[in-house]
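# Chain and residue survey
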Amino acid sequence: MYGKDGKTNMSVQITPENLETQVANKLTVIDFWAPWCGPCKILDPILADLEKTYGDRIKFAKMNVDGNQAIAEKYHVMSVPSLVIFKNGKAAEKVTGVYPKEKLAKYFDKKLQEVDVI
């Protein structure tokens, strides 16, 4: 959810300085977003709900692409919102656009099964 200052309430804000340490988990989802992005505002409460369900197994984080274009380009984020999925510290997949909570939950379940098998 977005506050008056345009920032979100999700726990971890990714910066160029903390990116590497924040993705050093089995599974990390970084939401690449922008304060001017309407679809990002639609996705934000969906991710906040999913974080309540999966937060003990998946690290959720956000990166504002404004001012961080080099990192967005590194992970081939060409539009927002985009979710970049990191498995064991390495970018593995990208999902672009807004999806219903149920569809993202099924996707996250599948990703958790993949990392638990490894």
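Just so you know, these numbers come straight off a predicted model, no measurement behind them. (Residues numbered from 1 in each chain as written. Predicted model: local features only at pLDDT ≥ 70, side-chain atom pairs only at ≥ 80, totals over all residues. Heavy atoms only, no water.)

Let us look at helix H2 (residues 38-54). A rise of 1.5 Å per residue sets the reference length of H2, with its 17 residues, at 24 Å; its end C-alpha atoms lie 25 Å apart and thus fit the reference within 8%. Residues Cys40, Leu43, Asp44, Ile46, Leu47, Ala48, Leu50 and Tyr54 constitute the buried set of H2. (Helix = DSSP H or I, 4+ residues; strand = E, 2+ residues; numbered from the N terminus. Expected span 1.5 Å × (residues − 1). Buried < 20%, exposed > 50% of the residue type's maximum accessible area, 1.4 Å probe, protein only.)

The next thing to look at is the environment of alanine 61. The residue alanine 61 is located in strand S3 (residues 59-64) in this model. A sequence separation of 49 residues divides alanine 61 from valine 12, and the C-alpha atoms of the two residues are 4.8 Å apart. When residues no more than four places from it in sequence are discounted, the contact partners of alanine 61 are Val12, Ile14, Val29, Ile30 and Asp31. (Contact = heavy atoms within 4.5 Å.)

Within the open sheet, the five strands sit side by side as S1-S3-S2-S4-S5. Their pairing is mixed. Lying at the two open borders of the sheet, with one neighbouring strand each, are strand S1 (12-13) and strand S5 (90-96). (Pairing = 2+ DSSP bridges.)

Confidence in the prediction of the protein chain, expressed as mean pLDDT, is 90, and 89% of residues score 70 or more. In the model, residues 1-9 has pLDDT below 50 throughout and makes 16 contacts with residues more than four positions away in sequence or in other chains. (pLDDT = per-residue confidence, 0-100.)

The next thing to look at is the nonpolar core. One broad trend across soluble globular proteins is that nonpolar side chains are buried collectively. Within the largest apolar cluster, 20 residues are counted, with the highest numbers of intra-cluster contacts made by Ile14, Leu19, Ile30, Phe32, Tyr75, Val77 and Val80. Elements with a contribution of two residues or more to this core: strand S2 (27-33), S3, helix H3 (69-74) and strand S4 (82-87). It is S2 that contributes the most residues to this core, three residues altogether. Of all hydrophobic cores here, the second largest spans 18 residues; its members include Leu83, Ile85, Leu104 and Tyr107. (Core = buried A, V, L, I, M, F, W, Y, C linked by side-chain atoms within 4.5 Å.)

Judged by how many residues are buried, S2 sits mostly within the fold: seven of seven residues are covered. The two faces of S2 match: Leu27, Val29, Asp31 and Trp33 on one face and Thr28, Ile30 and Phe32 on the other face are all buried. Bridge analysis of S2 against S4 gives six bridges, and the strand direction is antiparallel. Paired with threonine 28 across the two strands is phenylalanine 86, which belongs to S4. When S2 meets S3, the two strands line up parallel, connected through six bridges. Looking at S3, one finds that aspartate 31 is bridged to lysine 62. Crossover S2 to S3 through H2 is right-handed. (Right-handed = clockwise from strand over helix to strand, strands pointing away.)

With that out of the way, let us pick up the state of the cysteines. Going through the model one piece at a time under the given rule, you end up with one disulfide. Paired by a disulfide, cysteine 37 and cysteine 40 hold their sulfur atoms 2.3 Å apart. Judged by the sign of its S-S torsion, about 85 degrees, the cystine formed by cysteine 37 and cysteine 40 is right-handed. For cysteine 37, a relative accessible area of 3% gives the class buried. (Disulfide = S-S within 2.5 Å.)

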